[in-house]
Amino acid sequence: MNAHPHQAHPALVLFALSVGAFAIGTTEFAAMSLLPFFARDLGIDAPTAGHAISAYALGVVAGAPVIAAFGARLPRRTLLIGLMAMFALANGLSALSPSYHWMLLFRFLSGVPHGAYFGVAALVAASLVPIEKRAQAIARMFAGLTVATIIGVPVANWMGQALGWRWGFGVVAVLAIATVALVAIYAPRDRGDPKASPMRELTALQRPQVWLTLLTGAIGFGGLFAVYTYVASTMIEVTHVSEAYVPLVLAIFGVGMTLGNLASAWLADRALNRTVIGIMLWSAASLALFPLMAGNVWTLGLVIFMIGLGGGLGTPLQARLMDVAGDAQTLAAALHHSAFNVANALGPWLGGLSIAAGHGLVSTGWIGSGLALGGLAVFLVAIMLQRRAAPMIAAPAE
C-alpha cells in the first residue's frame, strides 16, 4: 500500500525510523565494548558482567512476540512511539544502575521493545512504497542499525572511556527520545487494524514456512556473530596488532554490513530466494577464509569486510516473512529479530566451545562457515516444501 499524498514524504518517515534503529544498534553492540568499564565499577568480573548482554538478548526474544501479539490492534504509529519511549526509559535507567542486579533488570527491559520496534518499523517502511521496492525501503530503515556499527558504537565506547560508561547508555536514551519526537511528527497516522487479535497473530506459528524462515536466520546468521564476538581477541593474540586498530577493523565490518544491507535489498526486490541463497554461500566462503587471512592485518581487514557484506541477510529474510506470514504480519516481523538474537547467542557459544577445546581463536571462522551452510540447508528445505505444497500457486520471486 502506498503512502497517501497528504502524508509526510517517505524519505522523512524512513529517516525517523532509522534513528530508532541507530539507537538500538548502538546499545546492542556498544554494550559489549563497555563491559569492562561497568564490570569494574559495579564490582563484578567480566564473565558475570556478560550476563547483562545475555539479559538484553533475552529481553528481545521474550518481548518481541508478546508485544507484537497484544499490540497488533494498535495504530502502528502509536505502537512505535510507545516502544521507543520504553526503550528510552530503560536505557536511561541502565545508565543510573546502582548495582549489578539492577543492571540485569534494566538491560532486560531495554531489550523488550527491540524486536517489536524493528518488526513494526519494517511493516511501516514497506507500506510507504510499491511492493517491488519494499525490500529497499526496509533496508533504508535498517541502515540505522548498520551505520551504528560504524559511528554509534565507537562514539559510545569513546564516551564510556572519556566520561564514564554510564554516558554510553545515556546517549542511547537521548537518541530514543529524539526518535519518539521524529516518529510523532513524520510517521503516517493510521487507525490500526480492528480485526487484529493475539489469536490471529499466533496463526503465524502454525505456518511451517514462518518457522523455517526464522530458523534460517537463527542458524545462518550465527556464523557472523561467531567471528565478530572474538575478532578483537583474534587481532591482539593472532594478528599481533595494537588494540588501537580494533575500532578501525570493527568500523570496516560496519561499512561492509551497511553496503551488504543496501545491495541485498536491491537484489531481493528482483529475485528474493536467489538473493538469500547467494548471501549464505558468500558468508560460508568468506567465513571459511577467515582462519587463512587472520595472520595479517591487511588481509584480516579484507576478510572482515567480506564477512560484513554477509550481514545483508536480514532484509531479504524480513521480506520473505511478509510473504509467508499471511495475516499475522506483526508477530512474524517481530519474531525475525528474536531469531537473530538466537543467532547472536548461538554463534559466540559454539565459537567459544571451539576455542575452549583448543582449536584456537581462528577456528571461529570454520564454526561460522558451518553455521552459514546449516542455514542454507534449512532455506533450501523451505523452498522445496513450498513448491511441493503449492504447485498451483505462484511462489515468491525466484
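To be clear, the structure that these remarks concern was listed above.
The rules behind each value
Residues numbered from 1 in each chain as written. Predicted model: local features only at pLDDT ≥ 70, side-chain atom pairs only at ≥ 80, totals over all residues. Heavy atoms only, no water. Phe/Tyr/Trp six-rings, centres within 6.5 Å; stacked < 30°, edge-to-face > 60°. Helix = DSSP H or I, 4+ residues; strand = E, 2+ residues; numbered from the N terminus. Buried < 20%, exposed > 50% of the residue type's maximum accessible area, 1.4 Å probe, protein only. Core = buried A, V, L, I, M, F, W, Y, C linked by side-chain atoms within 4.5 Å. Contact = heavy atoms within 4.5 Å. Salt bridge = Lys/Arg side-chain N within 4 Å of Asp/Glu carboxyl O. Axes fitted to C-alpha atoms, helices over the stretch in contact; angles between N-to-C directions. Parallel < 35°, antiparallel > 145°, perpendicular 65-115°, else oblique. Left-handed = near helix turned anticlockwise from the far one by under 90°. Nonpolar A, V, L, I, M, F, W, Y, C, P; charged D, E, K, R; others polar.

A. Quick peek at the packing of aromatic side chains. Applying the stated criterion to the full structure yields nine aromatic pairs. Pairing Phe 38 with Phe 169 gives two aromatic rings, centres 6.3 Å apart and planes at 55°, and the pair type is tilted. One end of the pair, Phe 38, is in helix α1 (residues 10–42); the other, Phe 169, is in helix α6 (residues 165–186), and 131 residues separate them in sequence. Taken together, a centroid distance of 4.6 Å and an interplanar angle of 45° make the contact between Tyr 228 and Phe 253 tilted. In this pair, Tyr 228 sits in helix α9 (residues 222–228) while Phe 253 sits in helix α11 (residues 246–268), placing the two residues 25 residues apart along the sequence. In this structure, Tyr 228 and Phe 253 share a single accessibility class: buried. Every member of this aromatic cluster is reached through a ring pair, and the members are Phe 38, Trp 165 and Phe 169.

B. Quick peek at the nonpolar core. Counting 78 residues, the largest nonpolar core has Leu 17, Met 141 and Ile 304 as the members making the most contacts within it. For this core, the element with the highest residue contribution is helix α4 (residues 100–127), accounting for 11 residues. Excluding residues within four positions of it along the chain, Ile 304 makes contact with Val 227, Val 231, Val 249, Phe 253 and Phe 290. Among the nonpolar cores identified, the runner-up in size contains 14 residues, and Ala 31, Leu 42, Tyr 100 and Met 103 belong to it.

C. Representation of the side chain of His 337. Summarising the element assignment, His 337 is placed in helix α15 (residues 329–359). By relative accessible area, His 337 is classed as buried at 7%. Apart from the residues lying within four places of it in its own chain, the contact partners of His 337 are Val 60, His 114, Gly 115, Phe 118, Gly 119, Phe 142 and Gln 318.

D. Seen up close, the environment of Leu 224. Tracing the sequence through the fold places Leu 224 in helix α9. The exposure class of Leu 224 is buried, given its relative accessible area of 6%. Along the primary structure Leu 224 and Arg 107 are separated by 117 residues, whereas in three dimensions their C-alpha atoms are 23 Å apart. Apart from residues no more than four positions distant in its own chain, Leu 224 is found in contact with Phe 253, Leu 287, Ile 307, Gly 310 and Gly 311.

E. Main features of the pattern of salt bridges. Tallying each qualifying case throughout the model produces two salt bridges. Here Asp 41 and Arg 166 are joined by a salt bridge, their closest N and O atoms 3.4 Å apart. Here the residue Asp 41 occupies a position in helix α1, and Arg 166 occupies one in helix α6, the gap between them amounting to 125 residues. Assessed through its relative accessible area of 47%, Asp 41 is described here as partly exposed. Note that Asp 323 is salt-bridged to Arg 134, the shortest N-O span being 2.9 Å.

F. Structural detail: the packing of helix α5 (residues 134–163) against α6. Remark: α5 packs on α6, axes separated minimally by 6 Å, with the N-to-C direction vectors making an angle of 140°. With respect to α6, the element α5 is oriented oblique. Crossing of α5 against α6: the hand is right-handed. The residues of α6 that touch α5, namely those facing Ala 156, Met 159, Gly 160 and Leu 163, are Trp 165, Trp 167, Gly 168 and Val 171. Considering only residue class, the contact of α5 with α6 consists of six nonpolar, two polar and no charged.

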